[in-house]
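Here is how the chains run, residue by residue.
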Amino acid sequence: MTRAILATALLAAAPWAAADEVWLKGGGRIVGEVVERTPDTVRVDVGPGTVAFPMARVDRIVSSSSRLAEYRERAARLSPNDVQGWLALAAWADQNDLRTQARAAWQQVLLVQPSNAMAQKGLGNVFQAGQWMGYEDAMRARGLVEYDGAWMSPAERENRLRLAAAESAALRENAIADARVAEAEARAREAEARAHAAEVDAARAADYNDGGIPLDYVYGAGGYFPPYVDAFPPYVDPFPPPVCCGNRPGHGPGRPGRPGVDPAPRPTPPPATVPPARTSTARHGSRRGE
C-alpha cells in the first residue's frame, strides 16, 4: 500500500510535459514523451514503458499534446482522496487504450475505498464468498478448473480429456491404416514390375539365337545332322573298277570277238566302322554352318 500511495503521489505531483510524435523513416509513428535524446539514440516514454530508436531510423520529431500528456495533466490536478475524480480519469484512460494508467487510477480509488465495486471490477476482480478477489481465485473458489483457456467443472474437463484421447487414438489408427494401404500398394507395384521384367526377359530369350545344337539332332560321320537327313550314307568304294577301254592289257575283257585281259584282282576294302549315334543336350538353335 505504501508503495502504491507513493507512486500515486509522484504521478499526481509530476509536472505536465508536452508529448512528442516520433516519425520513423519508411513509415511509422511513435506517440509519447521524449525522455532522452542523444546524437545516436532517442528514448520515448509511451506509457507502459519506454522504447529507444537509433537516430538513423528517425525521420523527424514533432512536439504536440497526446492522451498520455492529457492523463498526466488531469492526474496532477486531482487530490489523492478524490474518489470520483480518479474513477472518471480511470474510465477515460481505459476508453483511450491507456490500460496501465487506468489501472493506476483504479488502484488509487481502492486506496481510499477498498470495497469500491467499480474500481474492483475495473481491475478484473470478482466478488466471491463475501469478499473481492482476483478472477482466477474466484473461479477456483467456485470449484472450477482451467482447461484449454476456459474455466469448467472437473467432470467437464475429464469428459473433454476423454474425447481428446479418443480423437487422438482415432487419428493414430487412421495413420496406421493409411501406412498399411500405402505399403500394400507399394508391394503390388513391385510385384507388377517384377512380372513385367520377367516377361521382357522371356521375350528376349525367345528371340535370342546362340547357334547351339538342337536336342533332336543326331551325330553322324560328317558331324551333327537333323533327324530328316541320313546321318549314315551308303558306303562308297574308294577303289572303283577301271572303266573298260578296249583290248588294252589290264583293262578288262575286250570287245566282242576280240580277246582281252582280265584286270588284276582288286583289294578287298576294310569293313566300315559306324560310330554310335548320340543325342546332343544343347539347346535348340540353328544348324551349325547355316
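Everything numeric in this text was worked out from a predicted model, so none of it was measured.

Peer 1: What's the story with helix H3 (residues 83-95) in this structure? I'm lost.
Peer 2: Every α-helix winds through 3.6 residues per turn, so residues three or four apart in the chain are directed the same way. Along its 13 residues, H3 runs 18 Å from first to last C-alpha, staying within 8% of the 18 Å computed at 1.5 Å per residue. What H3 keeps buried is the set Val83, Gly85, Trp86, Leu87, Leu89, Ala90, Trp92 and Ala93. One or two steps after H3, the chain reaches Asp97, where phi turns positive at roughly 65°.

Peer 1: Mind showing me how you'd approach the pattern of salt bridges here?
Peer 2: Side-chain pairs of opposite charge can arise whenever the charged atoms involved come near each other. Using the criterion set out here, one finds 13 salt bridges in the structure. Ionic pairing is found between Asp45 and Arg72, a salt bridge with its closest N-O pair at 2.6 Å. Note that Asp45 is positioned in strand S3 (residues 41-45) and Arg72 in helix H2 (residues 67-77), a separation of 27 residues in sequence. Residue Asp45 is classed as buried on the basis of its relative accessible area, which comes to 13%. Note on Arg72: relative accessible area 19%, which makes it buried. Of the charged contacts, one joins Asp94 and Arg99 as a salt bridge, the two residues approaching to 2.4 Å between their closest N and O atoms. Look at Arg99 and you get partly exposed, because its relative accessible area is 45%. Several salt bridges converge on common partners, so that one network encompasses Glu33, Asp45 and Arg72.

Peer 1: Looking at this structure, how should I read the packing of aromatic side chains?
Peer 2: A ring pair, where both rings are aromatic, is described by two values, the distance of the centres and the angle of the planes. The tally for this structure, following the rule as stated, stands at 1 aromatic pair. Ring centres of Phe127 and Trp132 lie 5.3 Å apart, and the angle between their planes is 65°; this geometry places the pair in the edge-to-face category. For Phe127, a relative accessible area of 48% corresponds to the partly exposed category. Note on Trp132: relative accessible area 24%, which makes it partly exposed. One cation-aromatic arrangement involves Arg60 over Trp23; the distance from NZ or CZ to the ring centre is 4.5 Å.

Peer 1: Help me understand the pairing of strand S4 (residues 50-54) in this model?
Peer 2: Successive residues of a regular strand alternate their side chains across the two faces of the sheet. In terms of strand pairing, S3 meets S4 through 5 bridges, oriented antiparallel. When the sheet's bridge partners are listed, Thr41 is paired in S4 with Pro54. Between S3 and S4, which follow one another and run antiparallel, lie 4 residues, and Gly47 among them has a positive phi close to 115°.

Peer 1: Can you walk me through the side chain of Asn116 in this structure?
Peer 2: In this fold, Asn116 is placed in the loop between helix H4 (99-112) and helix H5 (117-122). At 3.0 Å, the side chain of Asn116 forms a polar contact with the backbone nitrogen of Ala119. When residues no more than four places from it in sequence are discounted, the contact partners of Asn116 are Val83, Leu87, Val109 and Leu110.

Peer 1: Even after reading the chapter, I still don't get H2, so can you show me in this structure?
Peer 2: Among all positions of H2, only Leu68, Ala69, Tyr71, Arg72 and Ala75 are buried. Viewed end-on, H2 has its buried residues packed into an arc of 155°, placing them on one side of the element.

Peer 1: Would you take a moment to explain the confidence of the model for the protein chain for this structure?
Peer 2: For residues with low pLDDT, the predicted coordinates do not support detailed interpretation. Across the protein chain, the average pLDDT comes to 75, with 65% of residues at 70 or higher. Averaged pLDDT values over the elements of the protein chain bottom out at 40 in helix H1 (residues 2-13) and peak at 92 in H3. Taken as a whole, residues 280-290 scores under 50 in pLDDT and shows 28 contacts with residues more than four places along the chain or in a different chain.

Peer 1: What am I meant to see in the nonpolar core here?
Peer 2: The tendency in soluble globular proteins is for nonpolar side chains to be buried as a group. Within the largest apolar cluster, 18 residues are counted, with the highest numbers of intra-cluster contacts made by Tyr71, Trp86, Leu89 and Trp106. Of all the elements in the fold, those that place two or more residues in this core are H2, H3 and H4. Considering each element in turn, this core owes the most residues, 7 residues, to H3. For Leu89, the contacting residues outside a window of four places in its chain are Tyr71, Arg74, Ala75 and Leu78. By size, the runner-up hydrophobic cluster in this structure holds 6 residues, among which are Val22, Val44, Phe53 and Val58.

Peer 1: Help me understand the packing of H3 against H4, please; the structure alone is not making it clear to me.
Peer 2: Each pair of packed helices can be summarised by the angle the axes make with each other and by the distance between the axes. At a closest axis distance of 8 Å, the pairing of H3 and H4 adopts a crossing angle of 160°. With respect to each other, H3 and H4 are oriented roughly antiparallel. H4 is crossed by H3, and the crossing has left-handed handedness. On H4, the residues that touch Val83, Trp86, Leu87, Ala90, Ala93 and Asp94 of H3 are Arg99, Gln101, Ala102, Ala105, Trp106, Gln108, Val109 and Val112. Of the residues assigned to the contact of H3 with H4, the class counts are 10 nonpolar, 2 polar and 2 charged.

About the thresholds
Residues numbered from 1 in each chain as written. Predicted model: local features only at pLDDT ≥ 70, side-chain atom pairs only at ≥ 80, totals over all residues. Heavy atoms only, no water. Helix = DSSP H or I, 4+ residues; strand = E, 2+ residues; numbered from the N terminus. Expected span 1.5 Å × (residues − 1). Buried < 20%, exposed > 50% of the residue type's maximum accessible area, 1.4 Å probe, protein only. Salt bridge = Lys/Arg side-chain N within 4 Å of Asp/Glu carboxyl O. Phe/Tyr/Trp six-rings, centres within 6.5 Å; stacked < 30°, edge-to-face > 60°. Lys NZ or Arg CZ within 6 Å of the ring centre and 35° of its normal. Pairing = 2+ DSSP bridges. Polar contact = N/O pair within 3.5 Å; in protein donor to acceptor, adjacent residues only side chain to side chain. Contact = heavy atoms within 4.5 Å. Arc of directions from axis to C-beta. pLDDT = per-residue confidence, 0-100. Core = buried A, V, L, I, M, F, W, Y, C linked by side-chain atoms within 4.5 Å. Axes fitted to C-alpha atoms, helices over the stretch in contact; angles between N-to-C directions. Parallel < 35°, antiparallel > 145°, perpendicular 65-115°, else oblique. Left-handed = near helix turned anticlockwise from the far one by under 90°. Nonpolar A, V, L, I, M, F, W, Y, C, P; charged D, E, K, R; others polar.

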